[in-house]
Amino acid sequence: MYSTNYEIAALVLSVLCLVYSLTANRRQYIPPKGLKNKLLDQHFVFILMVLANIFSAIVSVGGVYLETLGRAELGDWKYLLHASYFVFHSTLSVSFCIYVMNVNGTSMGRSKRFYRLFLTPYLLTELLVLTNGFTHLAFYMDENIVYHRGVLMPVLYASGGFYVALGFYFFFRYKRAVSRADSITIGVVMGLATLGTVIQAVWSHLLLELFCEALASLALMVLLEERSGHLDVVTGALNRAAFADANRRLIANRQSYSLVVVSLTDLETFSALFSGREVEELLMDVASWLTKLSSERDLYCFRRTSFAIVCGEGAPRGADELADEVLRRFEGEWTVRGMAFRLCAGVCVIRVPEDAPNGAVLQELLTSEALNVGGTRRVSVAELSAQLRDHRVEALLRRAVEEHRLRVWYQPIWSSEAQRTVAAEALLRVEDDELRKISPEEYIPIAEKTGLIREIGLFVFEEVCRFLRFERDRLQGLEYIELNLSIYQFMYGDLVSRFEEIRRHFGVSVDKLNLEITESASTRETPAITEALERLRALGYTLSLDDFGTGYSNLMQLISSSYKNVKIDKSLLWDAEHNPTTAELLESLIRVIRSLGCNVVQEGVETEAQLGYATDSGSNLIQGYYFSRPVPQETFLGYLKTEAEQSQLPLP
Ligand code: C2E
Ligand code: MG
Ligand code: MG
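The paragraphs below set out a description of the structure included in this document.

Reading the values: rules and limits
Residues numbered from 1 in each chain as written. Chains lettered and ligands numbered in written order. Predicted model: local features only at pLDDT ≥ 70, side-chain atom pairs only at ≥ 80, totals over all residues. Heavy atoms only, no water. Helix = DSSP H or I, 4+ residues; strand = E, 2+ residues; numbered from the N terminus. Buried < 20%, exposed > 50% of the residue type's maximum accessible area, 1.4 Å probe, protein only. Contact = heavy atoms within 4.5 Å. Donors = N, O, S within 2.8 Å, 3.2 Å for Na, K, Ca; no water. Near = heavy atom within 4 Å. Polar contact = N/O pair within 3.5 Å; in protein donor to acceptor, adjacent residues only side chain to side chain. Areas by Shrake-Rupley, 256 points an atom, 1.4 Å probe, with all protein chains shown as cover. Nonpolar A, V, L, I, M, F, W, Y, C, P; charged D, E, K, R; others polar. Salt bridge = Lys/Arg side-chain N within 4 Å of Asp/Glu carboxyl O. Expected span 1.5 Å × (residues − 1).

A look at the environment of G109
Relative to the helices and strands, G109 resides in the loop between α4 (75-104) and α5 (112-130). By relative accessible area, G109 is classed as exposed at 73%. Taking the C-alpha atoms as reference, G109 lies 18 Å from S95; in sequence the two are 14 residues apart.

Quick look at the structure:
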């Protein structure tokens, strides 16, 4: 005797699943248009599975009930219920397979031919069941209305088994396309369904199969559907978890797609002025406009103020077109409770895999702050990456400062008059494998923007003072050391007093130090800079004008500020080598500077020819790789020693 308890339980569970799936958290669920799109929609297929389970349970319970009545005249009904069971149950196995394929994305981008082949076993079994009334090949009822398996019944089982096996295959083959948690859920669900089938095969009277399948649906609903299909509570767009799942799936299946990312940049200001409800209404307005724009595609709200539209290949409108439309819309106004506002949005199109070859890179790009600066505008992926790089460099630099991995290296400055090294420039170096590959020209501006320059500047100053104090016997008459001073260091009011404190602590005479400021900094003089420079001068510090010839060369400024040295930028020298006009300009510049009583330091001298040219044209100090690259302290002391020894050798 069959027991229908489990089947009734399966029915109740499945109905609950259906009701919950269609109502709670899913009020806005609208299945996509077109059969293929429906079948590619994870939630739609889930509902199909639940429905198949419900109908299977109804007909199964009905069948057992009729069996208990045992009346011969109900034979046709019994037949009908058996046939319906096969129809619904085979729908369950095929929809389960499609569900797994939707979860891990293997259903995407398949050809029509694939789907035709894929559905063939299912359609054949349905045909077999529907024509069974004439053929009796699947099953038949004997004269006592007793059910018997027909010769082709194994075909029905084989078809069901085929889809379950295919589901297993796609699950294991593309496991990395789903998160670990989802993968465990699907694994458990598959195990549960298989267990039910095995138990029913062994103890057929238990009718446990549908119950296990209903339990499996429940598990899927709670653990997977709820999360991956979850909507953002405020905007009604798909939420962050759904976005992460979609990207993982698309990337693991090597799909090419674009994301139109829209970030509301000034919502925080808006939030400060209005109530939470008004801000939410505004967000909802923006989301519903974006939903209409994306039409068939999914809109995700992956951060409170950031949206993304996923554009697959072959979408009717390209991502760039959508991005332009978003920008046009944000030029107009948004209305909340009768009040009109302008909102700013940064819009960026990220192409996968071109811009983001993997999920980690994509994730990083999406966290870039570059989208949130500069008002309504199109932001390039290059900008996102540059911001991220700055961010990374800042973190590396910060760590290096904390871990005391900053170093000061020295590059000699050679005097053509004294024919020896008379000074050196102190240059910052960081003991870090990654930062070593990056020029200070790149990380100094980052240090300036982030305030790290204050600490770095003081460190370099202290190191140079320590060097001058403790190595004074090995300096071979070195007259002074040049230090680079960033304009941003002047922003800190205690710069001069800190320098003085350090200098006095080491007992270093002020004429042993010479401060380099860049030309651009000197032309941007603000009261803070002017005041600090005046105080430094009053204390006896001398100054060099660095990188002369690169920025806005202001001769008046050069004349009015008394610089000890003017350092001609290397680019001017290198250009002068091939360009007679630059050469002429350079020579006259040097004449003017020398006539003002300043020394001229030529930077970037790498070859003997450049050395000859630089000295011939009037530079009296030379700095460049020709003599030495910047080197660590000990190496520099060795260099000075060797130079001193060589100068004492008798001339050949
Ligand atoms: P800078 O002050 O103009 O320093 C001279 C730069 O030219 C150094 O680059 C030096 O290595 C390079 N150089 C010298 N001779 C040659 C040559 O013959 N050929 C070539 N190709 N390059 C040569 P470095 O050390 O990479 O520093 C770059 C810039 O970073 C510096 O330019 C300076 O503006 C900044 N910087 C370095 N250290 C510090 C520091 O401690 N504080 C501040 N504020 N800025 C620093
Ligand atoms: Mg310099
Ligand atoms: Mg320079």
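A few points about the side chain of N104
With respect to the secondary-structure elements, N104 resides in helix α4. Look past the residues within four positions of N104 in its chain and what remains in contact with it is F170, F171, Y174, A177, V178, R249 and N253.

So, the coordination of the magnesium ion (ligand 3)
At 2.0 to 2.6 Å from the magnesium ion (ligand 3) lie its protein donor atoms, namely D546 (OD), D547 (OD), E603 (OE) and E603 (OE). All donors of the magnesium ion (ligand 3) belong to a single chain; written as a sequence motif, their spacing is D-D-x55-E. Metal-to-metal, the separation of the magnesium ion (ligand 3) and the magnesium ion (ligand 2) is 4.0 Å; D546 coordinates the two. Of the two residues, D546 sits in strand β14 (residues 542-548) while E603 sits in the loop between β16 (599-602) and α25 (608-616), which places them 57 residues apart along the sequence. Comparing D546 with E603 shows no difference in burial state: the two are buried.

Observations regarding the site of ligand 1
By nearness alone, 24 residues border ligand 1, and N484, D546, K570, E606 and Y625 come closest of all. A distance of 3.0 Å separates a nitrogen atom of ligand 1 from a polar atom in the side chain of Q411. The backbone of Y625 places a nitrogen or oxygen atom 2.9 Å from an oxygen atom of ligand 1. A total of 790 Å² of accessible area belongs to ligand 1 in isolation, and the protein chains cover 90% of it. Mapped by element, the contributors of at least two residues to the shell around ligand 1 are β11 (420-430), α17 (440-450), β14 and α23 (570-576). The element contributing the most residues to the shell around ligand 1 is β11, with 4 residues. Looking at the shell around ligand 1 residue by residue, the class counts come to 9 nonpolar, 6 polar and 9 charged.

A look at the pattern of salt bridges
Once the charged atoms of two side chains with opposite charge are near each other, the side chains can pair. In the structure shown here, the tally under the stated rule is 31 salt bridges. Here R407 and E431 are joined by a salt bridge, their closest N and O atoms 3.3 Å apart. Linking R407 in strand β10 (residues 406-415) with E431 in the loop between β11 and α16 (433-436), this pair joins segments that are 24 residues apart in sequence. Using a relative accessible area of 30% as the deciding quantity, one classes R407 as partly exposed. For E431, a relative accessible area of 38% corresponds to the partly exposed category. For E500, the salt bridge is made with R504, and the minimal N-O distance between the two is 3.2 Å. Of this pair, E500 and R504 are both found in helix α19 (residues 495-506), 4 residues apart, which corresponds to roughly one turn of the helix. Through salt bridges with shared partners, a single ionic network connects R277, E280, E281 and R337.

Quick notes on helix α8 (residues 180-202)
With 23 residues, α8 extends 33 Å between its outermost C-alpha atoms, agreeing within 8% with the 33 Å of an ideal straight helix rising 1.5 Å per residue. Of the positions making up α8, those classed as buried are D182, S183, T185, I186, V189, M190, A193, G196, I199 and Q200.

Purely spatial values, then, with no claim about function.
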